[in-house]
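Structure assessment
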Amino acid sequence: MIGKNSILETIGETPLIRLQELSKELNTNIWGKLEAANPGHSAKDRIAVYVVRCAEEKGYLKPGGTIIESTSGNTGRSLAMVAALRGYKCIICTTTKISFEKKAVLEAYGAEVIVCPKEAKPDDPESYYSRARALHEKTPNSIYINQYYNTHNVEAHYHSTGPELWKQTEGKLTHYVCCVGTGGTISGTAQYLKEQNPAIRVLGVDAVGSVLTRYAREGVLDENDIRPYMLEGVGKNIIPSTVLFEYIDEFVQVEDKPSLLRARQLARTESILAGPSGGAALEGVYQYRHYFKPDDQVVVLLPDHGISYLSKLYSDAWMEENGFL
Ligand SMILES: Cc1ncc(COP(=O)(O)O)c(C=O)c1O
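Residues numbered from 1 in each chain as written. Predicted model: local features only at pLDDT ≥ 70, side-chain atom pairs only at ≥ 80, totals over all residues. Heavy atoms only, no water.

Bringing a nonpolar patch on the surface into the picture now. Together, Leu273, Ile307 and Leu310 make up a nonpolar patch on the protein surface, roughly 220 Å² of accessible area in all. Looking at the element boundaries, Leu273 is found in the loop between helix H10 (256-269) and helix H11 (276-287). Looking at Leu273, the relative accessible area reads 31%, which means it is partly exposed. (Patch = residues over 30% accessible without salt bridge, like charges linked within 9 Å, V, L, I, M, F, W, Y side chains within 5 Å. Areas by Shrake-Rupley, 256 points an atom, 1.4 Å probe, with all protein chains shown as cover. Salt bridge = Lys/Arg side-chain N within 4 Å of Asp/Glu carboxyl O. Helix = DSSP H or I, 4+ residues; strand = E, 2+ residues; numbered from the N terminus. Buried < 20%, exposed > 50% of the residue type's maximum accessible area, 1.4 Å probe, protein only.)

Shown next as structure tokens:
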């Protein structure tokens, strides 16, 4: 039989697609890495399967155990998918920022979802970080994935996304553009790529209202920089240890509105339905456009699928209500 033994074997080896209109408009070569092609519709499938396998191998996770995570949604979905197949219980602590669709998918995989206030500071007992940690402490045979401080998050991309991009571009890529949330995707991939060719430029895309860019540029972590924003999965109000700043050459910050409009543009010009962070990454490409030369090969990672945002980004009513149209 030519087939897969389980859905988990379909994770990775996602397509790299030339963004034709964008390449023409920016007079260079822009390629999108389509992470929506993973079975859980995002790049987070890569870390879920890797982290759980490592926990099993090290004996931290035993049959009947519980997987706990604090996440804005995608890591939860991927963990819920892996947990369902391997027979683990899964508890996801998330924030009120989560879309209706993302929560429904977690529940479809059988996960328990705990929604925490998005305004709660990380050390507030009501924050999604604190709730997850507390649950882990009181639940026997449980693991807390803690993706913001888990080196496996970076390693997963070092071993998969990095080598895939190197192979798919035949070692010709010149720029890698990627959103930074936990930083796992950009850091692991960039580390691998720079080991192959240190001249590859890596551009981190952050949100206006996040603390990462100032920290990268000035080494300053200032809570006064924190502002609310809509983009899911982009930027942070903490400095995760999974952001390996040494592999990121530059940071750009993007606003909600242009990012969301870029995602809509991508759907209508390239027929790729990406999430808001894909739009943010594209907006980062636009901000950086003056640095690209005609024969550059620019890879932009599109982290997840737009289908999860039909009631937000792809709803005209929601866009209008929020002043984005
Ligand atoms: C939709 C989305 N885009 C981008 C990211 C950022 O990826 P990373 O956490 O690897 O930096 C995340 C992560 O939470 C995400 O959920």
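Time to look at the site of the ligand. Of all residues adjacent to the ligand, which total 16 residues, the nearest are Lys44, Gly181, Thr182, Thr185 and Ser277. One of the side-chain N or O atoms of Lys44 is found 2.7 Å from an oxygen atom in the ligand. Measuring from an oxygen atom of the ligand, one finds a backbone N or O atom of Gly184 at 3.5 Å. Computed on the free molecule, the ligand has an accessible area of 390 Å², of which 96% lies beneath the protein chains in the complex. Across the shell around the ligand, the residue classes break down as four nonpolar, nine polar and three charged. In terms of domain composition, the shell around the ligand takes at least three residues from each of domain 1 (7-38 + 161-318) and domain 2 (44-144). (Near = heavy atom within 4 Å. Polar contact = N/O pair within 3.5 Å; in protein donor to acceptor, adjacent residues only side chain to side chain. Nonpolar A, V, L, I, M, F, W, Y, C, P; charged D, E, K, R; others polar. Domains from an automatic or database assignment.)

Here we come to the pattern of salt bridges. Using the criterion set out here, one finds 20 salt bridges in the structure. Here Arg214 ties to Glu218 by a salt bridge, and the two come within 3.1 Å at their closest N and O atoms. With Arg214 and Glu218 both in helix H9 (residues 212-218), this residue pair falls four residues apart, about one helical turn.

Here Lys44 is to be found in helix H2 (residues 44-57). Here the alpha-carbon distance between Lys44 and Glu270, two residues 226 residues apart in the chain, equals 23 Å. Aside from chain neighbours lying at most four places away, what touches Lys44 is Asn74, Thr75, Ser78, Gln147 and Thr182. (Contact = heavy atoms within 4.5 Å.)

Looking now at the sheet that holds strand E3 (residues 66-70). On the basis of which strands lie adjacent, the open sheet formed by four strands has the order E5-E4-E3-E6 and parallel pairing. What marks the edges here is a single partner per strand, and that holds for strand E5 (112-116) and strand E6 (142-144). The average angle at which neighbouring strand axes cross in this sheet is 15 degrees, direction not considered. (Pairing = 2+ DSSP bridges. Axes fitted to C-alpha atoms, helices over the stretch in contact; angles between N-to-C directions.)

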